Every structure is written in C-alpha cells, then in structure tokens.
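# Breakdown of the fold
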Amino acid sequence: MNIIQKIKKNKKKTFVRVYLNEKIHGLKSYAHTAVGEWESIKKLLMENDIDDYHVETICVNSALSLLDIKEINARIEYGAVIREGVVIGKEAVILMGAIINTGCIIGERTMIDMGAVLGGGTIVRENCHIGANAVLAGTIEPYCEQPVVIERNCFVGAGAIILEGVHIGENTVIGANAVVTKDIPANCVAAGVPARIITENRKYENLTENDLRGI
C-alpha cells in the first residue's frame, strides 16, 4: 500500500518549538520562537552558544508532517489535526478536535464534526456529515486492505464507530453510538450495536440534526 510504504521509507523526524529568552528589567520573557527539526535546531543552539531557552516537543519520530491548509477552500477550525496526504474538497467543514489521518479523502460540502476521528485512507464523499466523536477506522494501523467508504449524502451520528473496510451506501443514516461491522446499502437507516437496518428505501439528503430526531 502506497501510504504504508511512504511512512516506512520517510525519514523519522522530531519537531520542537524553541523559545529563546531575554531579560527585560529583571523579568524573563520569551522574545523569539523557532520551530523545526530538533537535530537542526540543537546544532544551531550549540554553534551560537545559546543556553537560555525552553523547548516544547511537538512530535517524536514522526514520518509525516501536518497538511499545509493555507490554500484549501474549506472551513477548518482551530485544533483540527490533519496529516499530510489528506485531500479536502471545496466548502468542506472540519471542526475543532477532528483528527484526520493521511490518505483520507473528504468530499465537497462535507462536515467532519468536533472530535471525529478518520483513520488513514478513509473516503467520505460529498454532502456528508460525520458526527461529533464518531470513529471511522483506518487502513494503516492495523493494516486493512479496504478503506471505510461513506458515499454521498450520508449522515453518521455522534459517537458512531464504523469498522475497517465497511462501505456505507449513499443517502444512508447511521444512528448515534452505532457500531457498524458490515456494509450498509443505500437509502437506509441503521442503528444499534452491532448496527442493523431499521428502515430501508428511504432517501435522505442534506440532513441536519433536527431532521434526525426520533431516528
């Protein structure tokens, strides 16, 4: 798998944030900040005989950086963690605390709600809503040949768990706190642990939380 091979081959890096100190009227303040790979920054500190600093470790032996999101035409809120290799469609919304691993594809106008976790390689198509604290299992650790795929116009309720390799058909609703262990076809409502189909041949599009009360 390309993602796994890339992680194996990439040089592992430890990134830090370093605060360089200076004294102002007897008070210590952090006047300068540097962010980078620890080995390079440590070398510069030693070469310039700098010993008054504070180090915060960002990550240790990481194989991938975070995604550069500056030019992405989407709404991405503070505190979302998105790794390099993620593709985000236009007008998608990613809220605070969401964690999105490498290789994920997020379709246009899809919302990834607060605290949701998308494992590596997950595919979520257009116009979906992945509810708060939902977990979509990935293909990397542990390895799974097939990713979770959520087709367009789906709603995954808060706290739901979708296991490795599961395919959710379009226009389908997964109830809150459901555990989905096998494929769910299009135009269904599924809920429970393990999830089972409770309504079939229903079409849901552009769903909101208010629309789903009572399901």
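Heads up: the structure comes first, above all this text.
Description of the structure in this document. (Residues numbered from 1 in each chain as written. Predicted model: local features only at pLDDT ≥ 70, side-chain atom pairs only at ≥ 80, totals over all residues. Heavy atoms only, no water.)

What follows deals with unusual backbone geometry. In this structure, Pro194 follows Val193 across a cis peptide bond, with omega equal to -10°. Tracing the sequence through the fold places Pro194 in the loop between strand S21 (189-191) and strand S22 (196-199). A positive phi angle is found at Asp49, which is not glycine, with a value near 55°. Here Asp49 is to be found in the loop between helix H2 (38-47) and strand S3 (53-62). Under the relative-accessibility criterion, Asp49 is labelled exposed at 66%. The backbone phi angle of Asn171 is positive, close to 60°, even though this residue is not glycine. Turning to its location among the elements, Asn171 is positioned in the loop between strand S18 (167-168) and strand S19 (173-174). A residue is classified by how much of its surface remains accessible, and Asn171, at 2% relative accessible area, is buried. (Helix = DSSP H or I, 4+ residues; strand = E, 2+ residues; numbered from the N terminus. Buried < 20%, exposed > 50% of the residue type's maximum accessible area, 1.4 Å probe, protein only.)

Within helix H1 (residues 2-9) the residues assigned to the buried category are Ile3, Ile4 and Ile7. Across the axial projection of H1, the buried residues extend over an arc of 100°, all falling on one side. In H1, those exposed residues whose orientation departs by more than 90 degrees from the buried face are Asn2, Lys8 and Lys9. (Arc of directions from axis to C-beta.)

Attention now goes to the sheet that holds strand S11 (residues 117-118). Read across the open sheet, the 6 strands follow the order S5-S8-S11-S14-S17-S20; overall the sheet is parallel. Bordering the open sheet on either side are strand S5 (81-82) and strand S20 (179-180), each of which pairs with just one other strand. As paired strands, strand S8 (residues 99-100) and S11 are joined by 2 bridges and run parallel to one another. When the bridges of S11 are listed, Ile99 appears paired with Val117. (Pairing = 2+ DSSP bridges.)

What follows deals with the pattern of salt bridges. Under the criterion given, the structure shown has 8 salt bridges. The partner of Lys11 in a salt bridge is Glu37, with the nearest N and O atoms 3.7 Å apart. With Lys11 in the loop between H1 and strand S1 (13-24) and Glu37 in strand S2 (residues 27-37), this residue pair connects regions lying 26 residues apart in the sequence. A residue is classified by how much of its surface remains accessible, and Glu37, at 18% relative accessible area, is buried. Between Asp68 and Lys70 there is a salt bridge, with the nearest N and O atoms lying 2.9 Å from each other. (Salt bridge = Lys/Arg side-chain N within 4 Å of Asp/Glu carboxyl O.)

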